[in-house]
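So the chains spell out like this:
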Amino acid sequence: MNPTRRERSTSLDIWDAFDELRGELERSFGNFELPAVPGLLDWQTGPLIDVVEGDDEVLVLVDVPGVRKQDLELSVTGSLLSIKGDKKQADEGKGRKTVRRETWAGTFSRTLSLPDTVNPDKVEAMLKDGILRVRIAKREEAQKKAVQISVK
Amino acid sequence: MDKVTTQNERRFTVPACRITEDESEVLAEMEMPGVQREGLDIKVDGNALTIEGRRSDEEPRGKWLLRERSRRDYRKIFTVDESIDRDGISAELVDGILKLRLKVKEAAKPKRIAIG
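A brief look at the structure comes next. (Residues numbered from 1 in each chain as written. Chains lettered and ligands numbered in written order. Predicted model: local features only at pLDDT ≥ 70, side-chain atom pairs only at ≥ 80, totals over all residues. Heavy atoms only, no water.)

We now examine the overall build of chain B. Counting secondary structure elements, chain B contains one helix and eight strands. In chain B, the succession of helices and strands from N to C terminus is α-β-β-β-β-β-β-β-β. Counting only residues that meet the buried cut, chain B has 38% of its 116 residues in that class. Restricting to contacts in chain B with at least 6 residues of sequence separation, those with at least 24 account for 51%. (Helix = DSSP H or I, 4+ residues; strand = E, 2+ residues; numbered from the N terminus. Buried < 20%, exposed > 50% of the residue type's maximum accessible area, 1.4 Å probe, protein only. Contact = heavy atoms within 4.5 Å.)

The following block contains the structure:
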């Protein structure tokens, strides 16, 4: 264990533990093929999200297939990013017999706690191919990695 | 490690799917966020209808704070029965959803019998 490796404590740090666990599991069980059948445990009721912290920005990726731009609502308050939306069921299915349904539809809302170095004034969002990308710039003083150490 | 790498490349995500039908067609809607038209490969071989979708988004660099999305390419194999017209399959990709329409053969459609 190298105690200097962890840079900063954020409220999202708990996910590191899950990532490590997942890494472990993939290393241990990587040789097994998981059944490629969507089952009950895969049922979703909200979009899946990735958050990546780069050197000068934080990137948030949200899977929102079939959601239109006008049905999405984003807001940033301090370091909290709130994503709301309405995933509407395509009308075409109406009046037809549904054979199978694994997709979900309806309203969703998720709030993410981002590192406190983000600048809430510099946010860009783009929707393409069913993926919402939100880029939040970090504050300039946070972009520089140099740390000053005072010598007593 | 070679073996592990090849296995990882072969693994796919099964896209969430919604299938509806009426007398003349079957509509399969598959959620494939991140796939563009060029990344799609749809083929019919005998009774197997295979849909593959390659993701076009690249892996972002940095420290992962949250990771829920799958990064694998998509693959779904349907078995289509004799009632489906192999030449009447059409596909449309909008906002990360692939809509696949399979036409039911004329001979397989229910026939109304008039009572004389």
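The structure having been displayed, the exposition proceeds.
This part is about a nonpolar patch on the surface. Among the surface-exposed residues, F18(A), L21(A) and L25(A) lie close enough to one another that they form a single nonpolar patch of about 290 Å² accessible area. Given a relative accessible area of 42%, L25(A) falls into the partly exposed group. (Patch = residues over 30% accessible without salt bridge, like charges linked within 9 Å, V, L, I, M, F, W, Y side chains within 5 Å. Areas by Shrake-Rupley, 256 points an atom, 1.4 Å probe, with all protein chains shown as cover. Salt bridge = Lys/Arg side-chain N within 4 Å of Asp/Glu carboxyl O.)

Residues and elements named next belong to chain A. Bridge count for strand β7 (residues 118-128) against strand β8 (residues 131-138) is seven bridges, and the pairing is antiparallel. Note on β8: the bridge partner recorded for K128 is I131. Two successive antiparallel strands, β7 and β8, enclose a turn made up of two residues, where D129 displays a positive phi of approximately 50°. (Pairing = 2+ DSSP bridges.)

In this structure, the second largest pocket encloses a volume near 450 Å³. For the second largest pocket, the lining is made up of 21 residues, of which G66(A), K88(A), Q89(A), A90(A) and I97(B) are closest to its centre. When residues of the lining of the second largest pocket are traced back to their parent elements, those giving at least two are β2 (25-31), β7 (84-94) and β8 (97-104) of chain B. Tallying contributions element by element places β2(B) first for the lining of the second largest pocket, with three residues. (1 Å grid on protein atoms, 1.4 Å probe; cavity = no way out; pocket = protein on both sides within 12 Å on 5 of 7 lines; lining within 4 Å. Points joined across faces, edges and corners; volume = space filled by probe spheres on them.)

Attention shifts here to unusual backbone geometry. Positive phi, close to 50°, is recorded for D129(A), a residue that is not glycine. The residue D129(A) is located in the loop between β7 and β8 in this model. Within the chain, D95(B) stands out as a residue other than glycine whose phi angle is a positive 50°. Checked against the element boundaries, D95(B) lands in the loop between β7 and β8.

With that settled, the discussion passes to the sheet that holds strand β5 (residues 63-67) of chain B. Reading across the sheet, the five strands line up as β7(A)-β8(A)-β2(A)-β1(A)-β5(B) and stay open at both edges, with antiparallel pairing between neighbours. Edge positions in the sheet fall to β7 of chain A together with β5 of chain B, since each of these pairs with one other strand and no more. Across the sheet, the axes of successive neighbouring strands diverge by a mean angle of 15°, strand direction being ignored. (Axes fitted to C-alpha atoms, helices over the stretch in contact; angles between N-to-C directions.)

Quick look at the nonpolar core now. By size, the foremost hydrophobic cluster in this structure holds 20 residues, and its most contacted members are I49(A), V51(A), V60(A), L81(A), I83(A), L112(A) and L114(A). Elements supplying a minimum of two residues to this core: β1 (49-53), β2 (57-63), β4 (80-87), β6 (106-113) and β8 of chain A together with β5 of chain B. Leaving out residues up to four positions away in the same chain, I49(A) has contacts with V60(A), L61(A), V62(A), I83(A), R110(A), L112(A), L66(B), R67(B), E68(B) and R69(B). In terms of nonpolar packing, the next biggest core, distinct from the first, is built from 17 residues, C17(B), I84(B), L98(B) and L102(B) among them. (Core = buried A, V, L, I, M, F, W, Y, C linked by side-chain atoms within 4.5 Å.)

Let's shift gears to the interface of chain B and chain A. In this assembly, 41 residues from chain B lie in contact with 49 residues from chain A. With both chains or domains summed, chain B and chain A bury close to 4200 Å², and 47% of this area falls on carbon and sulfur atoms. Going through the elements one at a time, α1 (2-10), β1 (17-21), β2, β3 (35-45), β5 and β8 of chain B are the ones with two or more residues in the side of chain B that touches chain A. (Buried area = accessible area lost by both parts, 1.4 Å probe.)

Residues and elements named next belong to chain A. Taken together, three strands build an open sheet; the order of strands is β3-β4-β6 and the sheet is antiparallel. In this open sheet, the two strands that pair with only one neighbour each are β3 (72-77) and β6. In this sheet, neighbouring strand axes are inclined to one another by 10° on average, regardless of whether the strands run parallel or antiparallel. As judged from the six bridges shared by β3 and β4, these two strands associate in the antiparallel manner. Following the sheet pairing, S75 is matched in β4 by S82.

This part takes up the packing of aromatic side chains. Within the structure shown, the criterion is met by one aromatic pair over all chains. For the ring pair W104(A) and F108(A), a centre distance of 5.7 Å and an interplane angle of 85° mean the geometry is edge-to-face. Judged by its relative accessible area of 9%, W104(A) falls in the buried class. In this arrangement the basic side chain of K87(A) is found over the ring face of W104(A), its NZ or CZ atom lying 4.7 Å from the centre. Over the face of the ring belonging to W64(B) we find R67(B), whose NZ or CZ atom lies 4.0 Å from the ring centre. (Phe/Tyr/Trp six-rings, centres within 6.5 Å; stacked < 30°, edge-to-face > 60°. Lys NZ or Arg CZ within 6 Å of the ring centre and 35° of its normal.)

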